[in-house]
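# Architecture and fold: a report
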Amino acid sequence: MKRFFLSLIVILFTSCNKSDLQQNSKNKVIETKLDYYERCRILVLEQNTLNQDFGFTKKGKEIDEQVVTYLGNIITSKKDTLKILNSVHYTGVYDDSKRGSGQVYIYTVHNKLLGFYNLGSADAVPSNIENKELIFKYNNESCNQTTKISLKDSIPRQIFIQCTKEGGDIYNLETAYN
């Protein structure tokens, strides 16, 4: 079993660094002009494994790491399927000074990017999906609130994530660049 997971990690790591992605099925072709980070996210979607962290490290002098988690699907009231991913991107010069930024990505059932929220903090990503809602649970010394964002009827242009009883942050939807 350990050998299987080790093999899977090696395959994911090497596949993410390839310059071209191969056709996954007859009807599904992934464009080769996708950037490195998008190719990594697509690989996680193709694995279709819920709530498992996949780590990717880009080679270079500075730290450039990405941890991607597939949270699952939300079926909208219009019967569209939205695939939801978390991504935490760590950068820095030294390991003890690296910083993480969090994003939540929304894809179609065919793995086409619809948009994303750039949440700033690595702690700000949603923890799971319940009843067609993204669940944001803060539980640290600065934030202690839970926020639910519904995607049942539409993808909101802005979301408000409650941090404390006194306030929180507003994030805008960045539309897809494809």
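Please refer to the structure higher up on the page.
Rules behind the numbers
Residues numbered from 1 in each chain as written. Predicted model: local features only at pLDDT ≥ 70, side-chain atom pairs only at ≥ 80, totals over all residues. Heavy atoms only, no water. Disulfide = S-S within 2.5 Å. Helix = DSSP H or I, 4+ residues; strand = E, 2+ residues; numbered from the N terminus. Buried < 20%, exposed > 50% of the residue type's maximum accessible area, 1.4 Å probe, protein only. Phe/Tyr/Trp six-rings, centres within 6.5 Å; stacked < 30°, edge-to-face > 60°. Lys NZ or Arg CZ within 6 Å of the ring centre and 35° of its normal. Salt bridge = Lys/Arg side-chain N within 4 Å of Asp/Glu carboxyl O. Contact = heavy atoms within 4.5 Å.

## Examining the state of the cysteines
Across all of its chains, the model carries one disulfide by this definition. Here Cys143 pairs with Cys163 through a disulfide, and the sulfurs are 1.8 Å apart. Measuring handedness by torsion sign, the sulfur bridge of Cys143 and Cys163 sits at about -80° and is left-handed. Linking Cys143 in the loop between β7 (133-137) and β8 (146-150) with Cys163 in strand β9 (residues 158-164), this pair joins segments that are 20 residues apart in sequence. Comparing Cys143 with Cys163 shows no difference in burial state: the two are buried.

## Quick look at the packing of aromatic side chains
Enumeration according to the criterion identifies three aromatic pairs in this entry. Seen in terms of ring centroids, Tyr36 and Tyr37 are 5.1 Å apart; in terms of plane orientation they differ by 80°. Their pairing is edge-to-face. Each member of the pair Tyr36 and Tyr37 is classed as buried. A connected cluster of aromatic rings, assembled from ring pairs, spans Tyr105, Tyr107 and Phe116. Here Arg41 stacks its cationic end above the ring of Tyr105, 3.9 Å away from the centre of that ring. The positively charged end of Lys98 is found above the aromatic ring belonging to Tyr90, 5.2 Å away from the centroid.

## Considerations on the pattern of salt bridges
By the definition in use, this model includes three salt bridges. Of the charged contacts in the structure, one is a salt bridge between Glu65 and Lys98, with a shortest N-O distance of 3.1 Å. Here Glu65, found in strand β2 (residues 63-75), pairs with Lys98, found in the loop between β3 (81-92) and β4 (99-107); they are 33 residues apart in sequence, far enough to count as distant. Asp95 serves as the salt-bridge partner of Lys98, at 3.6 Å between the closest nitrogen and oxygen. Classification of Lys98 as partly exposed rests on a relative accessible area of 28%.

## Observations concerning the environment of Ile155
Its place among the elements puts Ile155 in the loop between β8 and β9. Ile155 sits in the partly exposed class, given a relative accessible area of 23%. Linking Ile155 and Leu82, residues 73 residues apart in sequence, is a C-alpha distance of 9.5 Å. Discounting residues that sit within four places of it in the chain, Ile155 has contacts with Leu82, Ile106, Leu114, Tyr117 and Leu173.

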